[in-house]
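Per-entry structural report
As a plain string of letters, each chain reads:
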Amino acid sequence: MARKKADPNNMSFLDHVEELRWSLIRSILGILIAAIVAFIFTEFIFDTIIFGPKSKDFVTYGAFCDIGRFIGVESEFCDPKLDFMPQSRKMSDLFSAHVWTSITVGFVAAFPWVLWQFWKFISPGLKANERKYSSGFIIISSILFFLGVVFGYYLIAPLSVHFLATYDLSDGIKFEPDLQSYIALIRASVLACGLMFELPVIVYFLTKIGLCTPQGMRKYRKYALVLILIISAVITPPDIQSQVIVAIPVLILYELSIFISMFVLRNKRKQKLAALNNE
């Protein structure tokens with residue numbers, strides 16, 4: 001039997017909980033379907049994507065090598081020492097890595113679908129002129145997320161892998177990282193950057209509900225800078241170069257978010273003036 005659609009203008013608290021439950025169910029189903037597809041394409045997911053940053057021929061290393069040669073520097077990216085092989089030491093490691101990596105890929109692939117379910121849940125509480133921007137919200141949020149994923153995969157992940165794999169402590173230590181540890185590094189680099197790139201969207205909604213203003217963002221800019229540097233230090237290896245590479249685009253997004261907040265407040269003032277003139 002089809003579920004009866006509740007009237008969005010006359011919904012109780014339990015009706016909202018029910019709508020939230022179904023939104024979560026549909027989101028999870030979308031992620032699971034994408035995860036099953038990823039589970040099937042095991043060779044491509046692992047050999048090409050997951051183990052890409054540990055390959056000497058990875059595009060990022062070649063790009064950094066060319067940049068170094070252009071400025072007259074022969075960097076270690078030209079011949080990266082990435083001859084390690086991730087190790088599996090538990091009976092369930094391979095299956096566990098396969099499942100959770102598929103779910104991660106499924107989440108990334110199904111992100112626009114999850115956003116759409118989120119929008120369907122909150123849209124009844126929005127005004128008619130705000131609902132018409134649903135497609136723009138989903139497109140912009142998805143683009144920002146995928147840009148963050150690409151940034152994390154092609155910059156943060158290889159820089160982290162290279163730094164940690166070439167870090168020398170003693171000749172008596174052989175570097176053989178655990179498979180789960182290696183995958184966790186790639187996963188954290190990709191997802192953290194993808195979510196950080198959603199900053200403009202978050203600021204947009206916080207401004208809409210009155211929790212964020214451009215004046216406040218300017219006032220606390222120096223504290224935001226410290227927070228951004230701390231986050232950069234958490235998701236990158238402990239070298240200044242990688243932290244700066246992460247911090248720069250996030251700072252740019254922060255400044256962009258200030259203009260977005262200004263735009264939202266300007267529109268709210270125009271709507272108030274229009275409402276007063278109509279009275």
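This is a predicted model, so every value here is computed, not measured. (Residues numbered from 1 in each chain as written. Predicted model: local features only at pLDDT ≥ 70, side-chain atom pairs only at ≥ 80, totals over all residues. Heavy atoms only, no water.)

**Focus: the UniProt feature "transmembrane region" (unreviewed entry) in the chain**
Residues annotated in UniProt with the feature "transmembrane region" (unreviewed entry) correspond here to residues 28-51, 95-116, 137-165, 185-211, 223-240 and 246-265. The distance from the first to the last C-alpha atom of residues 246-265 is 29 Å, and the span holds 100% helix and 0% strand. (UniProt positions renumbered as here; feature names shortened; annotations may be inferred. Helix = DSSP H or I, 4+ residues; strand = E, 2+ residues; numbered from the N terminus.)

**Looking at helix 2 (residues 42-50)**
Every α-helical turn comprises 3.6 residues, leaving residues that sit three or four positions apart pointing alike. Of all the positions in helix 2, only Ile-45, Phe-46 and Ile-50 are classed as buried. Mapping the buried residues of helix 2 onto a view down its axis gives an arc of 85 degrees, with all of them on the same face. (Buried < 20%, exposed > 50% of the residue type's maximum accessible area, 1.4 Å probe, protein only. Arc of directions from axis to C-beta.)

**Overview of the packing of aromatic side chains**
Evaluated as defined, the whole model comprises 20 aromatic pairs. An angle of 85 degrees between the planes, with centres 5.6 Å apart, marks the rings of Phe-58 and Tyr-153 as edge-to-face. Placement of Phe-58 in the loop between helix 2 and helix 3 (59-70) and of Tyr-153 in helix 7 (residues 134-165) is noted, with a sequence separation of 95 residues between them. Given the relative accessible area of 9%, Phe-58 is considered buried. Residue class for Tyr-153 comes out buried when judged on its relative accessible area of 11%. Aromatic side chains Tyr-220 and Tyr-223 sit 5.9 Å apart centroid to centroid with 45 degrees between the ring planes, which places their arrangement in the tilted category. Of the residues examined, Tyr-220 reaches a relative accessible area of 45% and is grouped as partly exposed. By relative accessible area, Tyr-223 is classed as exposed at 52%. Each residue in the set Phe-58, Tyr-61, Phe-64, Phe-77, Tyr-153 and Tyr-154 is aromatic and connected to the rest through ring pairs, giving one cluster. (Phe/Tyr/Trp six-rings, centres within 6.5 Å; stacked < 30°, edge-to-face > 60°.)

**A short note on a nonpolar patch on the surface**
Together, Leu-20, Leu-24, Ile-25, Ile-28, Leu-29 and Leu-32 give the surface a local cluster of nonpolar side chains, amounting to about 500 Å² of exposed area. Its place among the elements puts Leu-32 in helix 1 (residues 13-40). Looking at Leu-32, the relative accessible area reads 42%, which means it is partly exposed. (Patch = residues over 30% accessible without salt bridge, like charges linked within 9 Å, V, L, I, M, F, W, Y side chains within 5 Å. Areas by Shrake-Rupley, 256 points an atom, 1.4 Å probe, with all protein chains shown as cover. Salt bridge = Lys/Arg side-chain N within 4 Å of Asp/Glu carboxyl O.)

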